[in-house]
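# Observations on chain architecture
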Amino acid sequence: MEEKKEYSSIITAIILIIISIIFFNIIGSKLNYEKTEENIKYYKAEVLETKTKKVKTQIPLDNTSGDQKEIEVEEFKALIKDEDLKGKEVEGQKEPTEFKGVKDDKLKKGDKIIIVKSAIDGDESFHYVSKNYSAKLAVLILIFILGVILIAKTKGFKTISLLFLIGYAIFKTYIPAIICGYNIYLTTILLAFYSITIGIIIINGLNKKSYSAILGNLVGISLAGVLGVITNNIFNMTGITSEESMLLIRTENHKFDLRGIAWAGILIGALGAIMDTGLSISSSIREISKTTKTTDFKELFKSGMEVGKDAISTMISTLLLAYISGTLIQTLLMNIYVKPMKFLLNSEFILEEVIKAAIGAIGILITVPVTAAFASLFEVMENKKEKDIYKK
């Protein structure tokens, strides 16, 4: 019986994945937007030979005093491996790093690199950009995928499929929709609802455990979204918290709602933790119900809340640590340059991260009792039905 259910859930997952990909391709094909073209082009290349030469230049580049310093510049010959110049040998330069304490690796024959071709007034030149880590990255991803599948078996395969599907949805439709000017609040809610519903069905199949987890998660993420909007208005957030956000509003032919983007970051950041919490509680109540066959709603709800308390502490800690790790460099800079506490607490950059963590945590707090209530209700109804059939 269990094998039949597992087989059925795999078929359901495959069907959902195929339908989703077709749907995203159709929607994505209609989301066309004008890209900002730069007068440069990137290529994969392999280093054939290198040599160094000494040149005089201003270091740093923003130095206005006119002082010059002698530096070593690497000149290289490389074979281009892709695009329109595939098979062509070109010469280029690799300038040394301007930053102290940063290791400046020398190029050597056989190195796989990324180079850029720029054309200024008709003169073409090639410059080193970075090492080409594609092969190493592919190996790392393969190890991750195999590890998940080997340890988690069928669930692992479903998890990898879900990660691919959500990533596909984000890059194929969600990002293009925002660039095209569609309402970011609506598109983010739709993405969240899709991720929750499809995610839990793929991982868990179509059953009462999934239904209660989905309902609890939808309520939790919806109320978190409402609180995010209210908080943005209370604190009058602008969404301008980094150089990237400044660049975004300066892009030609596109208008972005930075407050909306900040709000979307809150929801997407909390999504995984909320999904995990809801599914854990729903699964726990299901197992308790199967063992006890109780028809006491309060008993099941109380058990679910006990599990939820542990989930709350771990998931909230996970959220906080994730946001801290994402802002580590900025936090270090603010401490090095000794900013007073009144500045730190009122900096929009810090404020946004605090709000993200707080709203995500509140979303988890809401999800716990709502999921416990739905799961307990479904289990009580099922157990009562079974007892009635047994009595007859």
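Please refer to the structure higher up on the page.
Residues numbered from 1 in each chain as written. Predicted model: local features only at pLDDT ≥ 70, side-chain atom pairs only at ≥ 80, totals over all residues. Heavy atoms only, no water.

### Focus on the packing of helix α2 (residues 134–179) against helix α3 (residues 184–204)
Remark: α2 packs on α3, axes separated minimally by 10 Å, with the N-to-C direction vectors making an angle of 165°. What the angle tells us is that α2 and α3 run roughly antiparallel. The crossing of α2 and α3 is right-handed. Here Lys-155, Lys-158, Thr-159, Leu-162, Leu-165, Ile-166, Ala-169, Ile-170, Tyr-174, Ala-177 and Ile-178 of α2 come into contact with α3, specifically with Ile-184, Thr-187, Thr-188, Leu-191, Tyr-194, Ser-195, Ile-198, Gly-199, Ile-202, Ile-203 and Asn-204. (Axes fitted to C-alpha atoms, helices over the stretch in contact; angles between N-to-C directions. Helix = DSSP H or I, 4+ residues; strand = E, 2+ residues; numbered from the N terminus. Parallel < 35°, antiparallel > 145°, perpendicular 65-115°, else oblique. Left-handed = near helix turned anticlockwise from the far one by under 90°. Contact = heavy atoms within 4.5 Å.)

### Looking at helix α6 (residues 258–292)
Between its first and last C-alpha, α6 extends 51 Å over 35 residues, near the 51 Å set by a 1.5 Å rise per residue. Along its length, α6 reaches its greatest deviation from straightness, about 40°, at Leu-271. Where α6 begins, one side-chain oxygen reaches toward the backbone nitrogen of Arg-259, 3.2 Å away; that side chain belongs to Asp-257. Of the residues one or two after α6, Lys-293 is the one with positive phi, at around 55°. (Expected span 1.5 Å × (residues − 1). Bend = angle between axes of the 7 residues up to and from the residue. Polar contact = N/O pair within 3.5 Å; in protein donor to acceptor, adjacent residues only side chain to side chain.)

### Considering unusual backbone geometry
Here Glu-83, not a glycine, exhibits a phi torsion of approximately 60°, which is positive. Even without being a glycine, Lys-153 presents a positive backbone phi close to 55°. Relative to the elements of secondary structure, Lys-153 occurs in helix α2. Its relative accessible area of 54% is what places Lys-153 among the exposed residues. (Buried < 20%, exposed > 50% of the residue type's maximum accessible area, 1.4 Å probe, protein only.)

### Topic: the pairing of strand β3 (residues 89–94)
By the alternation rule, side chains of β3 split into Val-90, Gly-92 and Lys-94, which are all buried, and Glu-89, Glu-91 and Gln-93, of which none is buried. As defined by bridge partners, β3 adjoins strand β5 (residues 123–131) across two bridges and the pair is classed as parallel. Residue pairing for β5: Gln-93 is matched across the bridge by His-127. (Pairing = 2+ DSSP bridges.)

### Regarding the packing of aromatic side chains
In this structure the tally under the stated criterion is seven aromatic pairs. Ring plane angle 80° and centroid distance 5.2 Å describe the contact between Phe-24 and Tyr-194, whose orientation is recorded as edge-to-face. Placement of the pair is Phe-24 in helix α1 (residues 2–30) and Tyr-194 in helix α3, with a sequence separation of 170 residues. The exposure classification of Phe-24 matches that of Tyr-194, with both residues buried. Three or more aromatic residues joined by ring pairs form one cluster here, namely Phe-23, Phe-24, Phe-164, Tyr-168 and Tyr-194. Across from the ring centre of Tyr-128, 5.2 Å away, lies the NZ or CZ of Lys-94, which sits over that ring. (Phe/Tyr/Trp six-rings, centres within 6.5 Å; stacked < 30°, edge-to-face > 60°. Lys NZ or Arg CZ within 6 Å of the ring centre and 35° of its normal.)

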